[in-house]
There are 2 protein chains.
Amino acid sequence: MPPRQLKLAAFFNPPGSHVAGWRMPDAVPTDLEFDEYLDVVREAERGLFDMVFFQDSAAVPPAITLAGKDTEAAAGAARTVRIEPMTLLAALAVTTTHIGLVATGTTSYNEPYHIARRFASIDHLSKGRAGWNLVTSQNEDEAQNFGRDAHLDHALRYERAAEFHDVVVGLWEGWDHDAFIRDKASGRYFDPSKLRILNHVGKHFRVRGPLNVARSPQGRPIIAQAGSSEPGKELAARTADVTFTAQTSLAEAQAFRADVRERAMRYGRSPDDIKIMPGLNYVLAETESDARALYEHLLSMMTDEVVMPSIMRLSGGLDLRQFPLDGPLPELPQSNAAHARQKMLVELARRENLSIRQLARRYATSNGHNVFVGTPKGLADMMEAWFQAGAADGFVMLSPYYPTPMRNFVRWVVPELQRRGIYRTAYEGRTLRENLGLVSPAPPLR
Amino acid sequence: MPPRQLKLAAFFNPPGSHVAGWRMPDAVPTDLEFDEYLDVVREAERGLFDMVFFQDSAAVPPAITLAGKDTEAAAGAARTVRIEPMTLLAALAVTTTHIGLVATGTTSYNEPYHIARRFASIDHLSKGRAGWNLVTSQNEDEAQNFGRDAHLDHALRYERAAEFHDVVVGLWEGWDHDAFIRDKASGRYFDPSKLRILNHVGKHFRVRGPLNVARSPQGRPIIAQAGSSEPGKELAARTADVTFTAQTSLAEAQAFRADVRERAMRYGRSPDDIKIMPGLNYVLAETESDARALYEHLLSMMTDEVVMPSIMRLSGGLDLRQFPLDGPLPELPQSNAAHARQKMLVELARRENLSIRQLARRYATSNGHNVFVGTPKGLADMMEAWFQAGAADGFVMLSPYYPTPMRNFVRWVVPELQRRGIYRTAYEGRTLRENLGLVSPAPPLR
């Protein structure tokens, strides 16, 4: 048996994971031009990444709301427009060949029939490379685009998400893989004995089915999740193929992975059926000092107007701008957004004794994820160490901007990982499920 | 000024507009294979069609529900699976160059923010070729996939549709075309003075906005509609760029077009800003007798199990299978589905004294639209006559199956129309709006 292989995802939050990255001279502020997306995705495919992963929110970022009457304060908010991710995946499905295509679809403001249909359709278009990142909405601005003032309560949101998941999977599994015979002689288009009508009746949803898309090439699309709260981890342990997580130390990441694997076993699953992938921001250069200088330059381009909104969504409704920005973080009311993220933010401020401004700058740089600044060899060392110590099955790479950092990663770090025998030199299979080394829940369609 | 030009749309209801067309020896039962769709769409693009138009329903066809315990009765239902149309448009956007891309999106089971976002995204992907066919849901099977037993009442459905439209357009127009400056030196990503936040509060929707997609290349995507009831015509007159309609005689089509144009003027619009396009099924061959034989062959492949569901959705809940199929159509209760379609069905049965079986076979052949059977020259004559008599601005061509009939239309009929000077010999513009000859509501994006 070949040694265990590291998995890689390329994270997209256009035009970059660092709030000021788009201002770099070599940055392309990718947000609405398809060719710019395609260029970076094909680079990731050349680097044999398992998947690209498009973050999403059905709203503009909070900076615009927070600006209020001082509209100029919003002008630096770069992550304001993008191609809707499920739409984008469909376009990438027919212009790429191997790489997995994963996008966020919130369970808070969608209907399970629509989500099941779209990802099944993307799985057909891509011949088995689709993945759905199942989330509950965290950005309160989304609520106001869907007739509500605020999100459902955290616990209820997860209850809805769990039922939403079950409906979607039930719809995906309604048709056997060989149901569609299209027999011209007899006039039988499908075999009705290979159909199971869902008839789901639950607390949040009532959905009859069946889905008007046949069983998809992967059996069903991959499910990714990113929740790290107690209900988030439970849902992932029961249902996720991939977990994206924010972990800033090796010890915490080991504990998190062990915890999720143990929970998965309690649901009767093999712990290897859930791939745990921490996020990892990277700022690379050929020497340590060049990397450090690049990082400092990125920091220097951030302004308070741009960094403050990144932590305000976790402040539980408290307007942090009314406190001295060079003073300590005040006590925060419980947030109805991401519980685990709020806890991490408060602990970071306490542990490193950061002022509000320092905390905001740190958070805006990292999205709460680990940040690596250094050489390609240093990055490969760190990734290998985490991987071998059981802290990760792979990583979600967050590029500060596009496309240079991704090109450098593929040129510099990928060969380094391959030399160490922990990363593929060619795609193993045709589907995302095969490349992740997961057991397919059903044979391929045709 | 060049003479007025005929507009053409290619209608897709995979695997064909004739319920038994997929059984033809040369038929490809296109439903989930992207390359098969692309092949036919590129054929339409070679034929300089203005647009392809994908019909949709978020449910399997009624045949499956109606089959009940006799599941084998559903086996011939060919239009059971397909690629979700908005997803498909995104894939076609990056693999075609000129042709307009239109898909149905129901206002009954969607949220305006999602619809605005998806079509704006498709407009960006296609560089200005997207169109949204705004409908209210008619197939009661859809309701049961979205937590309801039946649709909203007809009037309320249209009220919701009208408000839905206004929200979508409001979201599309939230950003000026030059709002995104992405200025690296100053750090200003956009100019906040070019943003208008929607803050819509209505009876059916509350949506703050703005949309997280910039102003789209067409200013805004094209809006198509197909309603022919009283509220349907009013909504189209106020809001549609294109109306798809079922008209079976030249005189009725003239009256319909005059009516909609007059209503448009009452809303302060130019009547030329709404293109009226009747549907037209075509069965072509090089001789009359070959065309007639092909048509008879298509009819011979239809079974009662396959044809009855096509009229049952218009029977107002009455199970027509309990009546003698060779007897007359009984009195029908008012349908909550398509009012205008039910009226047309009843009038057709009375006028031609059709039995239930004959009516079902006629309807399953035509989808309620006109059917032309004959030679390419005969078809061009008919299209020219309707066009010149003010009965149509163009036609929606319904192919009985794919791909042969579309190839024959492009090879045989298109040159015939061009010779008569009523059809383009090259695309006039880059966007669908330009090709339709509509005035753009805003300059292109960049």
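Rules used throughout
Residue numbers restart at each chain and count upward from 1, following the sequence in its written direction. Labels are handed out in written order, letters beginning with A for the chains and numbers beginning with 1 for the ligands. Local features are withheld for residues below a pLDDT of 70 in this predicted model, meaning they are given only at 70 or higher, and side-chain atom pairs are given and counted only at 80 or more; totals for whole chains, interfaces and linings count all residues. Where side-chain values are given, they derive from all heavy atoms of the structure, hydrogens and water being excluded. For helices the rule is a DSSP run of H or I covering at least 4 residues; for strands it is a run of E covering at least 2, with both sets numbered from the N terminus onward. Between the first and last residue of a helix there are one fewer steps than residues, each counted as 1.5 Å, and that sum is the expected span. With a 1.4 Å probe rolled over the protein chains alone, any residue whose accessible area is under 20% of its type maximum counts as buried; one over 50% counts as exposed, and the rest are partly exposed. The directions considered for the arc are those from the helix axis to the C-beta atoms. Residues count as neighbours in contact if any of their non-hydrogen atoms are within 4.5 Å of one another. We place the copies in one frame by least squares, fitting the C-alpha atoms of every residue whose pLDDT is at least 70 in both. What gets called buried area is simply the loss in accessible area from a 1.4 Å probe that two parts show on being joined, summed for both. When a carboxyl oxygen of Asp or Glu lies within 4 Å of a side-chain nitrogen of Lys or Arg, that pair is called a salt bridge. Polar contacts, as used here, are pairs of N or O atoms within 3.5 Å; protein pairs need one atom able to donate a hydrogen and one able to accept it. Residues neighboring in sequence count only if both atoms are side-chain atoms. Only Asp, Glu, Lys and Arg are considered charged, only Ala, Val, Leu, Ile, Met, Phe, Trp, Tyr, Cys and Pro nonpolar, and every remaining residue, Gly among them, polar. Within this scheme a cavity is a closed region of a 1 Å grid, computed over the protein atoms alone, that accommodates a 1.4 Å probe without allowing it to escape, whereas a pocket is open but has protein on both sides within 12 Å along at least five of seven lines; lining residues each have an atom within 4 Å of a point. Grid points are joined across faces, edges and corners, and a volume is the space filled by probe spheres set on the points. UniProt positions are given in the numbering used here, feature names are shortened, and annotations may be inferred rather than shown by experiment. Residues belong to a common nonpolar core when they are buried Ala, Val, Leu, Ile, Met, Phe, Trp, Tyr or Cys residues joined through side-chain atoms within 4.5 Å. Axis definition: a line fitted to C-alpha atoms, over the contacting stretch in the case of helices. Angles run 0 to 180 degrees between N-to-C directions. Each angle receives one of four descriptions, namely roughly parallel if under 35 degrees, roughly antiparallel if over 145, roughly perpendicular if within 65 to 115, and oblique otherwise. Pairing between strands requires that DSSP locate at least two bridges from one strand to the other. For the handedness criterion, the strands are oriented away from the viewer, and a crossover whose path from the first strand over the helix to the second runs clockwise is classed as right-handed.

Glancing now at helix α8 (residues 250–266) of chain B. Residues and elements named next belong to chain B. Its 17 residues give α8 an end-to-end C-alpha distance of 24 Å, which sits within 8% of 24 Å, the value for a rise of 1.5 Å per residue. Within α8 the residues assigned to the buried category are Ala253, Phe256, Arg257, Val260, Arg261, Arg263 and Ala264. Along the long axis of α8, the arc covered by the buried residues comes to 160°, so they all point the same way. Across α8 from its buried face, at more than 90 degrees, point the exposed residues Ala251 and Arg266. Those residues of α8 hidden inside the fold are in contact with α7 (230–239), β10 (242–245), β11 (275–284) and α13 (376–388).

On to the relation of the copies chain B and chain A, then. For the pair chain B and chain A, the best superposition has an RMSD of 0.0 Å and corresponds to a rotation of 180° with a translation of 0.0 Å parallel to the axis. Taken together, the rotation and translation describe the operation of a two-fold axis. It is Ala91 of chain B whose C-alpha, among those of chain B, lies nearest the rotation axis, at 2.1 Å. Comparing interface residues between copies, 100% of those in chain B also lie at the interface in chain A; the contact surface is shared.

Glancing now at the interface of chain B and chain A. Tallying the contact residues gives 81 residues for chain B and 81 residues for chain A. Considering only the surface of chain B that becomes buried against chain A, Lys184, Tyr189 and Arg208 of chain B emerge as the three largest contributors, covering 12% of it. One salt bridge in this structure joins Arg118 of chain B and Glu84 of chain A, with 3.4 Å as the shortest N-O distance. For the pair chain B and chain A, the number of links is 50 residue pairs in polar contact (both at pLDDT 80 or more). When contributions to the side of chain B that touches chain A are tallied by element, the ones reaching two or more residues are α2 (62–67), α3 (85–93), α4 (112–125), β5 (180–183), β6 (188–190) and β8 (206–207) of chain B. In terms of residue count, α4 of chain B provides more of the side of chain B that touches chain A than any other element does, 8 residues in total. Split into classes, the residues belonging to the side of chain B that touches chain A amount to 41 nonpolar, 18 polar and 22 charged.

Moving on: the layout of surface pockets. Residues and elements named next belong to chain A. Of the voids in this model, the second largest pocket is the one considered here, and its volume is about 750 Å³. Elements with a contribution of two residues or more to the lining of the second largest pocket: α7 (230–239), α8 (250–266), α9 (288–300), α11 (339–352), α12 (356–366) and β12 (370–374). Looking at the lining of the second largest pocket residue by residue, the classes come out as 12 nonpolar, 11 polar and 9 charged.

All names here are of chain A. Mapped onto the present numbering, the UniProt feature "binding site: FMN" (unreviewed entry) falls at Asp56, Thr104, His154, Tyr158, Ser228 and Ser229. Here, the second largest pocket is lined by Ser228 and Ser229 out of the annotated residues. By the secondary structure assignment, His154 is in helix α6 (residues 154–172). Here Ser228 lies in the loop between β9 (222–225) and α7. In this structure, Ser228 is in contact with Lys233, Thr245, Phe256 and Ala340, ignoring residues within four places of it in sequence.

On to the side chain of Arg424 of chain A. Residue and element names in this part refer to chain A. Topologically, Arg424 is positioned in the loop between α14 (404–419) and α15 (432–436). Exposure remark for Arg424: the relative accessible area of 4% places this residue in the buried category. A polar side-chain atom of Arg424 sits 2.8 Å from the main-chain carbonyl oxygen of Leu48. In terms of polar contacts, Arg424 uses its side chain to reach the side chain of Glu428, at 2.9 Å. Non-local contacts of Arg424, meaning those with residues more than four positions away in its chain, are made with Gln5, Lys7, Leu48, Phe49, Asp50, Gln418 and Asn435.

Core analysis: the biggest nonpolar cluster contains 196 residues, and Phe49 and Met383 of chain A together with Phe49 and Met383 of chain B have the highest contact counts within it. Excluding anything up to four places from it in sequence, Phe49 of chain A contacts Leu8, Ala9, Ala10, Ala44, Ile99, Met397, Met406, Phe409, Val410, Tyr423, Arg424 and Tyr427 of chain A.

Residues and elements named next belong to chain B. Assignment of secondary structure puts Leu325 in the loop between α10 (304–312) and α11 (339–352). Considering only alpha carbons, one finds Leu325 and Gly279, 46 residues apart in sequence, at a separation of 28 Å. Among residues more than four places away in sequence, those in contact with Leu325 are Asp304, Met308, Leu320, Ser355, Ile356 and Arg357.

Turning next to the packing of α10 of chain B against helix α12 (residues 356–366) of chain B. Residue and element names in this part refer to chain B. Where α10 meets α12, the closest approach of the two axes is 8 Å, and the angle between their N-to-C directions is 80°. When the interaxial angle is binned, α10 and α12 end up roughly perpendicular. Across the interface between the two elements, Asp304, Val307, Met308, Ser310 and Ile311 from α10 touch Ile356, Arg357, Leu359, Ala360, Arg361, Tyr363 and Ala364 from α12. Here the contact of α10 with α12 is composed, by residue class, of 8 nonpolar, 1 polar and 3 charged.

Okay, the pairing of strand β2 (residues 51–54) of chain B next. All names here are of chain B. Here β2 shows a buried face lined by Met51 and Phe53 and a second buried face lined by Val52 and Phe54. Looking at chain direction, strand β1 (residues 7–12) and β2 are connected through 4 bridges and run parallel. Counted as the bridge partner of Phe11 is Phe53 from β2. This β-α-β element, β1 to helix α1 (residues 34–46) to β2, shows right-handed connectivity. The pairing of β2 with strand β3 (residues 100–106) spans 4 bridges and is parallel. If you follow Met51 over to β3, its bridge partner there is Gly100.

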